[in-house]
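# Examination of the molecular architecture
Here's the letter readout for the chains.
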Amino acid sequence: MTISNEVLTCIIKRRSTRKFTDEQISPEQLDALLEAAVWAPSGGNNQSWLFTAIQNKDVLGRLNELVREGFRHWVPDDDYPGKHAMKNAVLNENYHFFHHAPTLIVASNRPNYENAMADCALALENIFLAAQSMKLGSCYINQLHWLRDDEGVRGYLAELGIPREHTICSAAAVGFIGAESPAPARKEGAIKIIR
């Protein structure tokens, strides 16, 4: 890279963490992550998202059970390998869709809004970069989006205060890093410049 600064270094050093310690992040760290999320760009500056942070172990455990149950009867709607892998992964009693992270931030958005997923993804990237800057680990979590229409999962999220009419876009698992993830190689051919 020909230009280097704090932001670019943070982007390059960020990794998806799939092994966290049991230590909970501080209230100040959580506040900073959520503040970073709401400063993301959104279509037409709608800011129609909702970020629900879950840190209660019992709630996370129940949500994990519902996700496991949901995947048992769920039928993938495309050939994405990760979706098909879930059908077998949930059979493992130690399966945790959020990788045992002590904090899960669920991003939801209003229905019938074309930019719902894009807006939430931009906000989650802010969370991931803010986490990296604080030496926290993070991981993008798809499973709640895949099961957004599962009655068990959706009903429980409604009990937690996520409006039933919201679409569940995705989530961020956050915590202290238990094991560093290696940097995967970047694929060739992903950049084209027209001058």
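Please refer to the structure higher up on the page.
Anyway, here's the lowdown on the structure attached to this text. As a convention, each chain's residues are numbered from 1 in the sequence order in which they are written. Totals for whole chains, interfaces and linings use every residue, but because this is a predicted model, local features are given only for residues with pLDDT of at least 70 and side-chain atom pairs only at 80 or more, for both listing and counting. Side-chain metrics rest on all non-hydrogen atoms present in the structure, leaving aside hydrogens and water.

### Topic: the pairing of strand 2 (residues 103–109)
Here is the rule we go by: Classification of residues uses two cut-offs on accessible area relative to the type maximum, computed with a 1.4 Å probe and protein chains only: under 20% is buried, over 50% is exposed, and between them is partly exposed. What counts as a helix is a DSSP run of H or I of at least four residues, what counts as a strand is a run of E of at least two, and both are numbered from the N terminus. Between any two strands, pairing holds if DSSP finds at least two bridges.
A large share of strand 2 lies buried, amounting to seven of its seven residues. Side-chain alternation along strand 2 places Thr103, Ile105, Ala107 and Asn109 on one buried face and Leu104, Val106 and Ser108 on a second face that is also buried. In terms of strand pairing, strand 1 (residues 50–54) meets strand 2 through five bridges, oriented antiparallel. When the bridges of strand 2 are listed, Phe51 appears paired with Ala107. Taken together, the seven bridges between strand 2 and strand 4 (residues 167–175) define a ladder with antiparallel strand orientation. Of the residues in strand 4, the one forming a bridge with Ser108 is Ile168.

### Describing the sheet that holds strand 2
Inclusion rule: Axis lines are fitted to C-alpha atoms, over the contacting stretch for helices. Their N-to-C directions set the angle, which ranges from 0 to 180 degrees.
If you walk across this open sheet you meet the four strands as 1-2-4-3, and the pairing is antiparallel. Only two strands of the sheet have a single partner each, and these edge strands are strand 1 and strand 3 (137–141). For this sheet the average axis-to-axis angle between neighbouring strands, irrespective of direction, equals 20 degrees.

### A word on the packing of aromatic side chains
Convention followed: Pairs were defined over the aromatic rings of Phe, Tyr and Trp, the Trp ring being its six-membered one, requiring ring centres within 6.5 Å. Orientation was assigned from the angle between planes: stacked under 30 degrees, edge-to-face over 60, tilted for the rest.
Enumeration according to the criterion identifies seven aromatic pairs in this entry. Measuring from ring centre to ring centre gives 6.3 Å for Phe71 and Trp146, while their planes differ by 75 degrees; the resulting arrangement is edge-to-face. Of this pair, Phe71 sits in helix 3 (residues 57–73) while Trp146 sits in helix 6 (residues 143–146), and the two are 75 residues apart along the sequence. A residue is classified by how much of its surface remains accessible, and Phe71, at 0% relative accessible area, is buried. Trp146 gets classed as buried once you look at its relative accessible area, which sits at 13%. Residues Trp74 and Trp146 carry aromatic rings whose centres are separated by 6.1 Å and whose planes lie at 10 degrees to one another, so their mutual orientation is stacked. Placement of Trp74 in the loop between helix 3 and helix 4 (81–89) and of Trp146 in helix 6 is noted, with a sequence separation of 72 residues between them.

### A closer look at the environment of Arg15
Counted only if it meets this: Any two residues whose heavy atoms approach within 4.5 Å are treated as being in contact. Any N or O atom pair separated by 3.5 Å or less is treated as a polar contact, with the protein-specific requirement of one donor-capable and one acceptor-capable atom, and with residues adjacent in sequence counted only for side-chain atom pairs.
Structurally, the position occupied by Arg15 is in the loop between helix 1 (6–13) and helix 2 (27–38). A relative accessible area of 23% places Arg15 in the partly exposed class. Taking the C-alpha atoms as reference points, Arg15 and Glu159, separated by 144 residues in sequence, lie 32 Å from one another. Here Arg15 is in contact with Gln132, Ser138, Ser181, Pro182 and Ala183, once residues within four sequence places are set aside. For Arg15, the side chain forms a polar contact with the main-chain oxygen of Ile12, separated by 2.7 Å.

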